[in-house]
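For reference, the chains in residue letters:
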Amino acid sequence: MPAAAEDESPWAKIDLSGTLTDATKRVVAEVERRKIEQVLKEAAGNKGRAAEILQVSYKVFTGKLRDYGLEN
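Residues numbered from 1 in each chain as written. Predicted model: local features only at pLDDT ≥ 70, side-chain atom pairs only at ≥ 80, totals over all residues. Heavy atoms only, no water.

**With respect to the nonpolar core**
The criterion, for reference: To form a nonpolar core, buried Ala, Val, Leu, Ile, Met, Phe, Trp, Tyr and Cys residues must be joined to one another through side-chain atoms within 4.5 Å. Classification of residues uses two cut-offs on accessible area relative to the type maximum, computed with a 1.4 Å probe and protein chains only: under 20% is buried, over 50% is exposed, and between them is partly exposed. Numbered from the N terminus, helices here are DSSP runs of H or I no shorter than four residues, and strands are runs of E no shorter than two. Every residue pair with non-hydrogen atoms within 4.5 Å of one another is taken to be in contact.
Core analysis: the biggest nonpolar cluster contains 9 residues, these being I36, V39, L40, A43, A50, A51, F61, L65 and L70. Going through the elements one at a time, α2 (20-42), α3 (47-54) and α4 (58-67) are the ones with two or more residues in this core. For this core, the leading source of residues is α2, giving 3 residues. Among all residues touching A51, those that are not within four sequence positions of it are V56, S57, Y58 and F61.

So, in structure tokens, the structure goes:
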């Protein structure tokens with residue numbers, strides 16, 4: 001793979017410092033945050049519908065909104 005293509009890869013931007021557990025937590029948190037943003041748009045901002053789409057309880061969903069600073 002050419003160096004330029006490697007630099008453009010989203011994997012090149014991942015912070016792999018620390019332990020495997022640390023790196024995994026950072027990656028999972030970013031995926032969760034992005035997925036929540038995507039589903040909120042899909043649900044036109046309806047938090048109950050977004051939680052349903054993600055198949056998590058409303059309580060868990062609103063907790064994640066707080067965790068990721070996505071509350072409105």
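**Overview of α3**
Rule in force here: Polar contacts, as counted here, are pairs of nitrogen or oxygen atoms within 3.5 Å of one another; within protein the pair requires one atom able to donate a hydrogen and one able to accept it, and residues that are adjacent in sequence qualify only if both atoms are side-chain atoms.
Put simply, N46 is the residue that caps the front of α3, since its side-chain oxygen is 3.0 Å from the backbone nitrogen of G48. After α3 finishes, the residue Q55 shows a positive phi value of roughly 60°.

**Thoughts on α2**
Put simply, the rule is: In a helix, the anticipated span is given by 1.5 Å times the number of residues less one.
Taking 1.5 Å as the rise per residue, α2 with 23 residues should run 33 Å; its terminal C-alpha atoms sit 33 Å apart, in good agreement. For α2, the elements touching its buried residues are α3 and α4. One or two steps after α2, the chain reaches A44, where phi turns positive at roughly 55°.

**Some details on the packing of α3 against α4**
Basically, it comes down to this: Every angle, taken between N-to-C directions, lies between 0 and 180 degrees, and every axis is a line fitted to C-alpha atoms, over only the stretch in contact when it is a helix. Here the word oblique covers every angle except those under 35 degrees (roughly parallel), over 145 (roughly antiparallel) and from 65 to 115 (roughly perpendicular). Any residue outside Ala, Val, Leu, Ile, Met, Phe, Trp, Tyr, Cys, Pro, Asp, Glu, Lys and Arg is labelled polar, Gly included; the first ten of those are nonpolar and the last four are charged.
Between α3 and α4, the least distance of the axes is 9 Å, while the angle of their chain directions is 105°. Considering their axes alone, α3 and α4 lie roughly perpendicular with respect to each other. Counting all contacts with α3, which are made through K47, G48, A50, A51 and L54, the residues of α4 involved are Y58, F61 and L65. Across the contact of α3 with α4, the residue classes tally to 6 nonpolar, 1 polar and 1 charged.

**Some thoughts on the confidence of the model for the protein chain**
Going by this rule: Confidence of the predictor at the level of single residues is given by pLDDT, which spans 0 to 100.
On average, residues of the protein chain carry a pLDDT of 89, and 89% of them reach 70 or more. Helix α1 (residues 3-8) is the least confidently modelled element of the protein chain, averaging 58 in pLDDT, while α3 averages 98, the highest of any element.

**Regarding the packing of α2 against α4**
Definition in use: Helix crossings are classified by the rotation of the near helix relative to the far one: an anticlockwise turn of less than a right angle makes the crossing left-handed, while a clockwise turn makes it right-handed.
Where α2 contacts α4, the axes come no closer than 11 Å and their chain directions differ by 115°. Between α2 and α4, the crossing angle belongs to the class labelled roughly perpendicular. Viewed along their axes, α2 and α4 form a crossing whose handedness is left-handed. Across the interface between the two elements, E32, I36 and L40 from α2 touch F61, K64 and L65 from α4. Along the lines of polarity and charge, the residues of the contact of α2 with α4 split into 4 nonpolar, no polar and 2 charged.

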